[in-house]
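Architecture and fold: a report
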Amino acid sequence: MSSPLSFRTVELPLRHAWTIARGTSTVKRNVFVEVRSGGLVGYGEAAPNVRYGESWESVEAALQKLAPVLEGRDLRCFRDVSEALDAALSDNPAAKAAVDLALHDLAGKVMGVPLYRLLGVDPKRQPVTSMSIGIDVPEVLAVKVREAADFPVLKVKLGSGKDREVFGTVRALTSQTIRVDANEGWKPEEALAHIQWLSTQGVELVEQPLPAADVEGAKWLKARSPLPLVADESLTKASDVPSLAAGFHGINVKLQKSGGIREALRIIETARACGLKVMLGCMVETGLGIAAGAHLAPLVDWVDLDGNLLLAEDPYRAHPVVGGRIQLGDGPGLGVEPRAAP
């Protein structure tokens, strides 16, 4: 019996070189999954990130292990299938996320309703998403800021050693609200000095200022920071959340690092129980992966779902963004289809 799961890896050129504190990239290789049942197809996407020990090769290897798990199963028994996948693969969150997204997409199509309706989420409560500005030279930063003019909120990447120059270039070009993401690029005292300055520059929050391993530094910094601090690389799963409350004011949940929608929902619930605010973020993903996040976005405080807008071309018909707000339609499942047959 053949597996209902198939997958393919696609090279995705970026609109601009993407530079953060850890390095620069000009192309992404994501893995796209299809799960078939009863004539319907559920679509999923894996956007592996080397920061979490994954690559397109490791995703493909993991999916080879997951494919037999789906053989002969009734894919409508969603919980049973998801638990079987968790048991078969304890790690590889991006690979698990791809299958999880495809199963959620399929479930919505079986029921004939959008995923947000299955989840009991009100799409009218969709927050605006920020648009990310990667580290770059002033001339390119100016182009990126112009391209993001319709977004009420920008997220500026720092942590390169030229932080005030990069930030100052962006701030001089716009009065938009700015969030800052240092991607683990600072040390505690350096971070505090930057954050004190940023608090005078119209900044809303600072994401992951210190390396994830610096737990004591995070506690020290939170006690002194004039701006909210949001954990990103420090968080992967729900069990991480309680310990983060001492060092952060909020957390950034991403479907690709949590292993999909089911675990992301657990993270959101746990964060609320711990008194933390929640951001919903993304990797560099197509409109397919971004759509999955958008169906959860009304549950959170801050949204950063712009990964598909960093691509030179999106192979999926994404939900439109109007005034910085993703407009979810009433199509079944994720509501996203490929632009052309693979």
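Reading the values: rules and limits
Residues numbered from 1 in each chain as written. Predicted model: local features only at pLDDT ≥ 70, side-chain atom pairs only at ≥ 80, totals over all residues. Heavy atoms only, no water. Salt bridge = Lys/Arg side-chain N within 4 Å of Asp/Glu carboxyl O. Helix = DSSP H or I, 4+ residues; strand = E, 2+ residues; numbered from the N terminus. Buried < 20%, exposed > 50% of the residue type's maximum accessible area, 1.4 Å probe, protein only. Pairing = 2+ DSSP bridges. Contact = heavy atoms within 4.5 Å. Axes fitted to C-alpha atoms, helices over the stretch in contact; angles between N-to-C directions. Polar contact = N/O pair within 3.5 Å; in protein donor to acceptor, adjacent residues only side chain to side chain.

**Comments concerning the pattern of salt bridges**
If charged atoms from side chains of opposite charge come close, those side chains can pair. Evaluated as defined, the whole model comprises 19 salt bridges. One salt bridge in this structure joins Asp86 and Lys96, with 3.4 Å as the shortest N-O distance. With Asp86 in helix H2 (residues 78-88) and Lys96 in helix H3 (residues 93-111), this pair connects stretches of sequence that are 10 residues apart. By relative accessible area, which is 34% here, Asp86 ends up partly exposed. What makes Lys96 buried here is its relative accessible area of 16%. Each of Lys155, Lys157, Asp181, Glu207 and Asp304 takes part in salt bridges that share partners, so that together they form one network.

**Considering the sheet that holds strand E6 (residues 177-181)**
Paired through their backbone hydrogen bonds, the strands of a sheet run either parallel or antiparallel. Taken in spatial order, the 8 strands of this open sheet run E4-E5-E6-E7-E8-E9-E10-E11, and their pairing is parallel. Across the chains shown, the open sheet's two edge strands, defined by having one partner strand only, are strand E4 (131-133) and strand E11 (302-303). Two elements, E6 and strand E7 (residues 203-207), share 3 bridges in a ladder whose sense is parallel. In the sheet register, Asp181 faces E7, and the bridge partner there is Glu207. Those strands touched by helix H11 (residues 261-273) are strand E9 (250-254) and strand E10 (277-281), and its axis lies near 175° from that of E9.

**Thoughts on the sheet that holds strand E3 (residues 40-46)**
Strand order in the open sheet made by the 3 strands is E1-E2-E3, with antiparallel pairing throughout. The strands lining the two open edges of the sheet, one partner per strand, are strand E1 (5-20) and E3. When the angles between neighbouring strand axes are averaged without regard to direction, this sheet yields 25°. Bridge count for strand E2 (residues 23-37) against E3 is 7 bridges, and the pairing is antiparallel. When the sheet's bridge partners are listed, Val33 is paired in E3 with Gly44. H3 contacts E1, E2 and E3 of the sheet and is inclined by roughly 150° relative to E3.

**Topic: the side chain of Asp181**
On the secondary structure map, Asp181 appears in strand E6. Judged by relative accessible area, which is 1%, Asp181 ranks as buried. At 3.0 Å, the side chain of Asp181 and the backbone nitrogen of Asn183 are in polar contact. Excluding anything up to four places from it in sequence, Asp181 contacts Lys155, Val156, Lys157, Leu158, Glu207 and Gln208.

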